[in-house]
Amino acid sequence: MKLERAYADFAVKLSRKGFSLDTIKKYIQAIKKIYKVCWKTDDNRTTLSCREIENYIYSNKKRSDWTKRVVAVQIRAFLKFCSTLWLEVINYWQITIKKYNQKEARYLKEKEEIKMLEKLEFEDLKLKAAILLMLTTGARISEACSITKQQLKGAEEVWWLFQIPIQGKGGTTRALFLPPKTFEIFSKIAEKHKKRQVLWVESKHIQKLIKNFSENINIKFSAHTLRHTYLTKLAKKGAELYKIQKIAGHKCIITTSRYLHACNKELAETASLLLN
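All of the points below concern the structure found in this document. Bear in mind that the values here come from a model prediction, so they are computed numbers and not experimental data.

Conventions used here
- Residues numbered from 1 in each chain as written.
- Predicted model: local features only at pLDDT ≥ 70, side-chain atom pairs only at ≥ 80, totals over all residues.
- Heavy atoms only, no water.
- Helix = DSSP H or I, 4+ residues; strand = E, 2+ residues; numbered from the N terminus.
- Buried < 20%, exposed > 50% of the residue type's maximum accessible area, 1.4 Å probe, protein only.
- Contact = heavy atoms within 4.5 Å.
- Areas by Shrake-Rupley, 256 points an atom, 1.4 Å probe, with all protein chains shown as cover.
- Polar contact = N/O pair within 3.5 Å; in protein donor to acceptor, adjacent residues only side chain to side chain.
- Pairing = 2+ DSSP bridges.
- Core = buried A, V, L, I, M, F, W, Y, C linked by side-chain atoms within 4.5 Å.
- Axes fitted to C-alpha atoms, helices over the stretch in contact; angles between N-to-C directions.
- Phe/Tyr/Trp six-rings, centres within 6.5 Å; stacked < 30°, edge-to-face > 60°.

Next up on the list: the overall build of the protein. Scanning the protein from terminus to terminus reveals 14 helices and three strands. For the protein, with 276 residues in total, the buried portion stands at 39%. Contacts in the protein between residues far apart in sequence, at least 24 positions, make up 63% of those at least 6 positions apart. Looking at the protein as shown, the accessible area adds up to about 17300 Å², and 53% of this sits on carbon and sulfur atoms.

In structure tokens:
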């Protein structure tokens, strides 16, 4: 089947670009779903119309604007790749990629964080470790789930923190700096089983645990909220933007600038004193 071969070759290309296996799997699944929904009979067909694709992407009201944009980018990239294989494809560049107005990064306020940490003491060790790692290092959930025992064993102590190298988004390598308490909890979990990864579960499982915990304590937050909280706190402490960018693993500093929102609000509040 032509498409099955194209999926496999495209996965190889993404792998060479440094995408993680988990990301590649989600990427291919998203593309396959487009074909499955738009038509169901001919596996050799590669000619979806722009209208079919755009209807699939933009008519779903449950999708966020960001997700719609990501799906549009994914299918365009795949169809562009198919054209290099001499497969019959549409003018992929005509698929609309709508602009996305980036929202402020949601983060936990101080009282929310204190309450959450108090409740966390009574939770499962695995959930506690995952939340603390993201809250105290700014790690993504996929990065938290990929940390191995070998990485923990090879951690270097730098300024009272434990530094471990990780492979981040897009295959880039950066360092995570674990505070002693976070490192201690991760080490305890590592001793309890023989699996390679410390958390040994998929990110979806951790996301579900976090969602249930969030609902139980009546504080709305996600795995990414924890990362945002850490990076926002760095910005509030006056850390230089390019250093926050390095710690976060952002390719573009514009993404990092979202974490200045809290600082700007506080500055505006101070400046507004002269209006009274």
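Following the sequence through the fold, histidine 193 ends up in the loop between α9 (180-191) and α10 (203-217). Residue histidine 193 is classed as buried on the basis of its relative accessible area of 14%. From its side chain, histidine 193 meets the backbone nitrogen of lysine 195 in a polar contact 3.0 Å long. Residues in contact with histidine 193, not counting those within four places in the same chain, are Lys149, Val198 and Trp200.

Turning to the pairing of strand β3 (residues 173-178), a few remarks are in order. Here β3 shows one buried face, formed by Arg174, Leu176 and Leu178, and one open face, formed by Thr173, Ala175 and Phe177. Examined bridge by bridge, strand β2 (residues 161-167) and β3 share six bridges and lie antiparallel to one another. By the bridge assignment, phenylalanine 162 is partnered in β3 with leucine 178.

Now for unusual backbone geometry. The bulk of non-glycine residues show a negative phi, and the bulk of peptide bonds are trans. Positive phi values are uncommon outside glycine, yet tryptophan 159 reaches one of about 50 degrees. Examined against the element boundaries, tryptophan 159 turns out to sit in the loop between β1 (156-158) and β2. Overall, tryptophan 159 belongs to the exposed group, its relative accessible area being 70%.

Below, the discussion takes up the nonpolar core. Judged by nonpolar contacts, the single largest core of 39 residues is most densely connected at Met116, Ile131, Ile147, Ile210, Phe221 and Leu226. The element that contributes the greatest number of residues to this core is helix α6 (residues 125-137), accounting for eight residues. By size, the runner-up hydrophobic cluster in this structure holds 27 residues, among which are Cys50, Ile53, Val71 and Phe78.

Only one face of β2 is buried: it carries Phe162, Ile164 and Ile166, and the other face, with Leu161, Gln163, Pro165 and Gln167, is open. The hairpin formed by β1 and β2 contains two residues between the paired strands, and tryptophan 159 there has a positive phi angle of roughly 50 degrees.

Glancing now at the sheet that holds β1. With antiparallel pairing, the three strands of this open sheet are ordered in space as β1-β2-β3. Every other strand in the sheet has two partners, leaving β1 and β3 as the edge strands with one partner each. When the angles between neighbouring strand axes are averaged without regard to direction, this sheet yields 45 degrees. Relative to β2, β1 runs antiparallel, the two sharing three bridges. Bridging across to β2, valine 158 finds its partner in leucine 161.

To describe a pair of aromatic rings, you give the distance between the ring centres and the angle between the ring planes. Considering all chains together, one arrives at eight aromatic pairs under this definition. Pairing phenylalanine 10 with phenylalanine 78 gives two aromatic rings, centres 5.4 Å apart and planes at 70 degrees, and the pair type is edge-to-face. Of the two residues, phenylalanine 10 sits in helix α1 (residues 2-16) while phenylalanine 78 sits in helix α4 (residues 65-84), which places them 68 residues apart along the sequence. Of the two residues examined, phenylalanine 10 and phenylalanine 78, each falls in the buried class. A ring pair is formed by phenylalanine 162 and phenylalanine 183, whose centres lie 4.0 Å apart and whose planes are at 10 degrees; its orientation type is stacked. Of this pair, phenylalanine 162 sits in strand β2 while phenylalanine 183 sits in helix α9, and the two are 21 residues apart along the sequence.

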